[in-house]
Amino acid sequence: MYVIGTAGHVDHGKSTLVQALTGIDPDRWEEEKRRGLTIDLGFALLRLPSGDEVSVVDVPGHERFIKNMLAGVGGIDLALLVIAADEGVMPQTREHLAIIDLLGIERGVVALTKADLVDPDALELACLAAAEALPGTTLECAPIVACSAISGAGIAELLATLEAELAKAGRKRDIGRPRLPIDRAFTMPGFGTVVTGTLIDGSLSVGQDVEVLPSGTRARVRGLQTHGEKVDLAPPGRRTAVNLSGIAVEDLHRGMVLARPGTFRPTTAVDVRLRAVPYLSRPVRHNLTITFHTGAAGAEGRLLLLDAAEVKPGAEAWAQVRLTEPVVAVAGDHCIIRDPNDTLGGGLIVETDVPRHRRFDAETIAHLETLSGGSLEDLVITALSGAQPTTAADIVAAIGRDLEAVDAAIGRLMASGDVIRLDDWLHSRAEYDTTVARLDELLTTHHERSPLRAGMPREELRTRLGLTAELYDSLLKHLSDAGVVAERAGAVALASHQPAPTPAHQTVADAYLKTLRSSPYSPPTNGRPDDDLLGYLEARGDVVNAGHGVVFAADAYDEMVDRIKERLETNGAVTLGQVRDMFGTTRKYATALLEHLDSTRVTRRVGDDRVLR
């Protein structure tokens with residue numbers, strides 16, 4: 001199902017035309033009916049001559065309600081620009097046409113309404129004036145149909161023209177990341193909280209968990225409707241009503257976005273390719289306070305020009321918009337920028353959640369140019385240029401392209417060696433090489449400083465590399481399989497590293513072992529080597545650290561263990577005092593020995609006795 005959005009000057013007959021086409025009055029508020037003026041968005045279902053159905057969004061034309069108009073034109077497939085034959089092109093006609101152009105809406109039909117109120121010559125002049133307003137916009141080739149919503153003249157032709165233009169539209173994009181910009185939120189008796197909007201980029205299903213952004217509140221889809229009909233699955237491109245459980249209507253407002261949990265991150269800063277509308281009487285200047293509109297959202301912000309001091313009417317520039325409150329936007333979305341009275345311009349969002357840039361910085365401008373006009377491979381590499389690797393799904397969200405096309409580009413980049421895949425994580429070759437070089441540097445330095453240690457503690461290395469646990473695990477597995485690193489006893493080392501003492505270390509070790517063996521059952525506790533050398537001797541099997549400051553030579557320890565086992569096998573139990581007397585040692589050494597045997601599950605304590613396990 002496609003979506004048609006009306007546009008045009010106030011009182012040019014948009015709502016009356018929608019009612020003539022659909023049989024539905026889109027003005028739903030009593031004040032609108034009383035004043036004959038569309039104030040807010042209206043909605044209707046249109047059945048084309050073929051029987052196909054399309055949604056119609058009717059927007060207000062009055063300049064005071066432009067912000068409401070902007071909330072309704074996002075996500076539409078075809079613009080129905082309404083121009084009254086008796087008045088012709090008017091200020092809001094031009095403003096709405098500029099908005100359609102800035103939002104990149106490529107298909108449209110011009111309805112020349114109230115044709116019954118003018119004579120044929122005046123109608124021909126009105127048609128020429130409408131045609132002259134279109135060049136230079138996305139609607140420059142749009143057909144123009146004269147009609148009257150009152151007499152019905154031209155309505156059949158208009159319906160046929162709408163159907164023909166919609167037939168040229170491509171299928172709706174589905175990248176598996178549904179989002180519904182909310183343009184209405186209300187309570188329905190017997191159902192509870194309901195939100196509506198035009199669903200884009202993916203499908204929603206009944207029972208699905210969702211997140212309302214930017215608040216982050218979680219909810220569940222209780223039911224779905226499209227124009228009053230219940231559905232279990234709502235595909236992208238449809239006007240959709242979502243019945244939500246777990247959230248109150250007071251927590252919702254126009255401009256919020258409904259999405260799968262964790263798929264979008266609200267932003268307060270976006271980089272845009274800005275184009276000023278051509279009819280402005282003044283240039284757009286740097287550091288201007290503006291209102292920023294994208295989707296159904298509007299937020300106050302400040303416009304920072306990055307490569308110009310000002311943007312003349314019809315000209316373009318790179319700009320950053322810094323917002324006072326977060327909105328949901330992704331690369332590839334369009335935006336509109338206004339001041340309190342006028343639409344100033346708009347354009348394409350190329351990057352979101354961005355830091356403040358230095359103005360006139362060549363590197364920044366080159367980066368934005370790549371995002372704007374680079375190949376798909378360039379965009380993938382740019383998306384991978386951050387400090388952390390990412391997934392294909394994250395790249396799709398970042399660059400706003402189709403998942404199938406992104407996967408194909410990733411495949412080509414992997415074949416060329418420019419992208420490395422580790423499990424689900426993608427690394428650019430440059431970032432991967434940088435990470436591996438940093439890992440090699442950290443481990444090499446550690447081995448040089450601590451040659452006796454098995455390696456750097458696993459968690460310490462992860463922290464030094466600045467990687468998440470998941471990314472770190474995939475990287476270590478890959479490097480281990482490749483024979484680059486080895487994991488030993490909770491430590492990570494270069495595969496070529498083997499703990500080895502220096503000659504000085506060996507001299508100390510030999511002297512220490514000689515001291516231990518000089519009194520094997522009561523070895524001296526002073527004169528211990530440093531922890532690294534002691535750990536090395538223990539790992540090599542030369543000593544046993546029994547705790548409590550007691551270290552035995554390994555051969556003496558093995559002898560004592562064998563004798564205790566023999567005693568237990570014969571007598572069934574042994575006491576601390578008996579062990580002390582067996583070896584002519586002190587209570588200190590006997591205690592350390594028996595507790596070590598308990599901890600290594602050779603013995604277990606029963607009262608004052610030890611027995612074999």
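Each remark here, short or long, concerns the structure printed above.
(A) Seen up close, the nonpolar core. Ranked by internal contacts, the top residues of the largest apolar core, which has 52 residues, are L274, F292, L303, V321 and I337. The contact partners of L303, leaving out residues within four places of it in the chain, are L274, V284, R285, H286, N287, L288, I290, A319, Q320, V321 and I337.

(B) Structural context of the side chain of T294. With respect to the element layout, T294 can be found in strand β19 (residues 288-294). At a separation of 2.9 Å, a polar atom in the side chain of T294 contacts the main-chain carbonyl oxygen of H334. Leave out the neighbours within four places in its chain, and T294 touches V328, A329, D333, H334, C335 and I349.

(C) Looking closely at the packing of aromatic side chains. Inspection of every chain in the model, using the stated rule, returns two aromatic pairs. Look at Y521 and F583: their rings are 5.2 Å apart centre to centre, the planes differ by 45°, and that puts the pair in the tilted class. Placement of Y521 in the loop between α14 (503-518) and α15 (531-540) and of F583 in helix α17 (residues 576-583) is noted, with a sequence separation of 62 residues between them. Centre to centre, the rings of F552 and Y557 are 6.5 Å apart; their planes meet at 35°, and the pair counts as tilted. By relative accessible area, F552 is classed as buried at 0%. What makes Y557 buried here is its relative accessible area of 9%. Across from the ring centre of W318, 4.9 Å away, lies the NZ or CZ of R273, which sits over that ring. Cation over ring: K588 sits above Y589, and NZ or CZ is 5.5 Å from the ring centre.

(D) Highlighting the sheet that holds strand β34 (residues 609-612). One open sheet accounts for three strands, arranged β32-β34-β33; its pairing is antiparallel. Because the sheet does not close on itself, it has two edges, and the strands there are β32 (574-575) and β33 (603-606). By the bridge criterion, two bridges tie β32 to β34 in an arrangement that is antiparallel. Its bridge partner being in β34, V574 is matched across the sheet by R610. Lying on the sheet, helix α18 (residues 587-599) is in contact with β33 and β34; it crosses β33 at an angle near 110°.

(E) The arrangement of the packing of helix α16 (residues 554-571) against α18 in detail. Contact pair α16 / α18: the axes reach a minimum separation of 12 Å and the direction vectors enclose 75°. With respect to their mutual orientation, α16 and α18 come out roughly perpendicular. Within the contact between the two elements, α16 uses Y557, M560, V561 and I564 and α18 uses L593, L594, H596 and L597. In terms of residue class, the contact of α16 with α18 is built from seven nonpolar, one polar and no charged.

(F) Structural context of the environment of V284. Topologically, V284 is positioned in strand β18 (residues 284-285). Setting aside residues up to four positions removed in sequence, V284 forms contacts with A276, L303, L305, E310, V311 and L344.

(G) A look at α17. For α17, the full list of buried residues reads L576, V579, M582 and F583. Looking straight down α17, one finds its buried side chains confined to an arc of 120°; they lie on one side. Against α16, β32 and α18 lie the buried residues of α17. With its phi angle positive at about 60°, G584 sits one or two positions after the end of α17.

(H) The sheet that holds strand β22 (residues 316-327), seen in detail. Pairing is antiparallel in the closed barrel, where six strands are placed in the order β17-β22-β20-β19-β23-β24. Each neighbouring strand pair of the sheet contributes to a mean axis angle of 40°, computed without reference to strand direction. Bridging between strand β23 (residues 334-338) and strand β24 (residues 343-352) involves five bridges; their strand directions are antiparallel. Among the inter-strand pairings, I337 is bridged to a residue of β24, identified as G345. The sheet contacts of helix α4 (residues 91-102) involve β17 (267-276), β23 and β24, and relative to β24 the element is tilted by about 15°. Contacting β17, β22 and β24, helix α7 (residues 362-373) crosses the sheet at an angle of about 90° to β24.

Conventions and cut-offs
Residues numbered from 1 in each chain as written. Predicted model: local features only at pLDDT ≥ 70, side-chain atom pairs only at ≥ 80, totals over all residues. Heavy atoms only, no water. Core = buried A, V, L, I, M, F, W, Y, C linked by side-chain atoms within 4.5 Å. Buried < 20%, exposed > 50% of the residue type's maximum accessible area, 1.4 Å probe, protein only. Contact = heavy atoms within 4.5 Å. Helix = DSSP H or I, 4+ residues; strand = E, 2+ residues; numbered from the N terminus. Polar contact = N/O pair within 3.5 Å; in protein donor to acceptor, adjacent residues only side chain to side chain. Phe/Tyr/Trp six-rings, centres within 6.5 Å; stacked < 30°, edge-to-face > 60°. Lys NZ or Arg CZ within 6 Å of the ring centre and 35° of its normal. Pairing = 2+ DSSP bridges. Axes fitted to C-alpha atoms, helices over the stretch in contact; angles between N-to-C directions. Parallel < 35°, antiparallel > 145°, perpendicular 65-115°, else oblique. Nonpolar A, V, L, I, M, F, W, Y, C, P; charged D, E, K, R; others polar. Arc of directions from axis to C-beta.

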